[in-house]
Amino acid sequence: MEYILEAKNFNTFYDRSHILFDISLNVKPGETVCLMGRNGAGKTTTLRSIMGLTPPKSGELLLKGKNCTGFQPYKMARLGLGFVPEDRRILGPFTIKENLELGKVPGRKGQWNIDTVLDIFPILKDMTNRLGGTLSGGEQQLLTIARALMGNPDVMVMDEPTEGLSPVIVADLKGLVLSLKKAETTILLSEQNLRFSLAVSDRVIVIDKGHSVYHGSIEEFKDEKEIHKTYLAV
Ligand code: ATP
């Protein structure tokens, strides 16, 4: 199996607005693929289409070679997709530990449990009884990633993980994503932060107004100054 995740020719709508036009992407096992584009380009819609949260009207989705087209989000989670949403969705009245417990997915087993997850998030480990609602934006982002790991996903899907974070927290996040990569975690993320993307990705797809406009390895992409200027807010 060359690809662990394959989205083919997605066309997604919100009501009658056509948002994604024949978007295709694929991810190999252990790879980190980054979807880039400006605000409103369609990054969130692409990831939500893959998760089954905003199902495409046409197109095909394969996870580990299995056709999952039209599957609901809970089914995608059970089959091995972990999702880190842009809006984080931490439960404010629940403790860090309880938020983490909520990330468990029935039937999924693997290396990640409360202890192993907290080992790689030392900041969270020191405050497992704090309520989610009292955490800073950066701490909430880390908790969202930790919660997704609790489901022992085969592919981590992260929507703009650096959004709204200070440079210091972005540096922490970079270290964390690099350590997940080292552990051969497969990652599909969306980003607007070019430096972050260049530091963590193996391959990049750029979308604009719902169309795919560029696809290349990170080595090729880093020198594509025209692409950066035309399609990214740099
Ligand atoms: P951002 O970085 O701002 O999150 P994005 O690249 O993730 O941008 P999307 O959120 O996927 O972009 O939005 C793509 C397009 O779909 C935009 O034109 C947006 O206005 C539109 N859109 C997003 N959500 C909805 C919705 N619920 N109803 C109608 N249109 C929507």
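As shown above, the structure is provided for reference.
As the structure is a prediction and not an experimental result, all values here were calculated from the model. (Residues numbered from 1 in each chain as written. Predicted model: local features only at pLDDT ≥ 70, side-chain atom pairs only at ≥ 80, totals over all residues. Heavy atoms only, no water.)

Describing the site of the ligand
Let me state the cut-off plainly: We call a residue near a molecule or strand whenever a single non-hydrogen atom of that residue lies within 4 Å of it. Method for areas: the Shrake-Rupley scheme with a 1.4 Å probe, in which residue coverage is limited to the protein chains shown. A run of H or I in DSSP becomes a helix once it reaches four residues, and a run of E becomes a strand once it reaches two; helices and strands are each numbered from the N terminus. Each residue is assigned to one of three groups, with Ala, Val, Leu, Ile, Met, Phe, Trp, Tyr, Cys and Pro labelled nonpolar, Asp, Glu, Lys and Arg labelled charged, and all others, Gly among them, labelled polar.
Around the ligand there are 13 residues in total, and G40, K43, T44, T45 and E160 lie nearest to it. Relative to its unbound accessible area of 640 Å², the ligand is 59% covered by the protein chains. When residues in the shell around the ligand are grouped by element, the largest group, three residues, is from helix α1 (residues 43-51). Here the shell around the ligand is composed, by residue class, of three nonpolar, six polar and four charged.

Observations concerning the packing of aromatic side chains
Counted only if it meets this: Only Phe, Tyr and Trp rings are paired, with Trp represented by its six-membered ring, and only when their centres lie within 6.5 Å; those with planes under 30 degrees apart are stacked, over 60 edge-to-face, the remainder tilted. Whether a charge sits over a ring depends on NZ of Lys or CZ of Arg being within 6 Å of the ring centre and within 35 degrees of the ring normal.
Counted by the stated rule, this structure contains one aromatic pair. Considering the side-chain rings of Y214 and F221, the 5.6 Å spacing of their centres and the 40 degrees angle between planes classify their relative orientation as tilted. Here the guanidinium or amino end of K75 rests over the ring plane of F71, the centre of that ring lying 4.3 Å away.

Looking at the environment of D115
The following threshold applies: Partly exposed residues are those whose accessible area sits between 20% and 50% of the maximum for their type, while under 20% is buried and over 50% is exposed, using a 1.4 Å probe and protein chains only.
Residue position: D115 is located in helix α4 (residues 114-120). A residue is classified by how much of its surface remains accessible, and D115, at 54% relative accessible area, is exposed. For the pair D115 and K125, spaced 10 residues apart in sequence, the C-alpha separation works out to 8.8 Å.

Side note on the sheet that holds strand β4 (residues 58-63)
Worth spelling out the cut-off: Here, strands pair whenever DSSP counts at least two bridges between them. Note on definitions: a residue-residue contact is assigned when non-hydrogen atoms from the two residues lie within 4.5 Å. Structural elements are reduced to axes, namely lines fitted to C-alpha atoms, with helices fitted over the stretch in contact, and the angle between N-to-C directions of any two is expressed from 0 to 180 degrees.
Taken together, four strands build an open sheet; the order of strands is β2-β1-β4-β5 and the sheet is antiparallel. Lying at the two open borders of the sheet, with one neighbouring strand each, are β2 (17-27) and β5 (66-67). Of the strand pairs in this sheet, strand β1 (residues 5-14) and β4 are connected by five bridges, and their pairing is antiparallel. Bridge pairing links K8 to E60 in β4. Sitting on the sheet, α1 touches β1, β2 and β4, and the angle it makes with β1 is about 115 degrees.

Regarding the layout of surface pockets
The probe, sized like a water molecule, is rolled over the atoms to show the empty space still left. Short version of the rule: Only protein atoms enter the 1 Å grid used here, on which a cavity is any set of points holding a 1.4 Å probe that cannot leave and a pocket is any open set flanked by protein within 12 Å on both sides along at least five of seven lines; residues with an atom within 4 Å of a point are listed as lining. Grid points are joined across faces, edges and corners, and a volume is the space filled by probe spheres set on the points.
Within this model, the largest pocket holds a volume of roughly 650 Å³. Lining the largest pocket are 26 residues, with M51, A77, F83, P85 and R147 sitting closest to its centre. At the level of secondary structure, the elements contributing two or more residues to the lining of the largest pocket comprise α1, α2 (73-79), β6 (81-84) and α6 (137-149). It is α2 that provides the largest number of residues to the lining of the largest pocket, a total of four residues.

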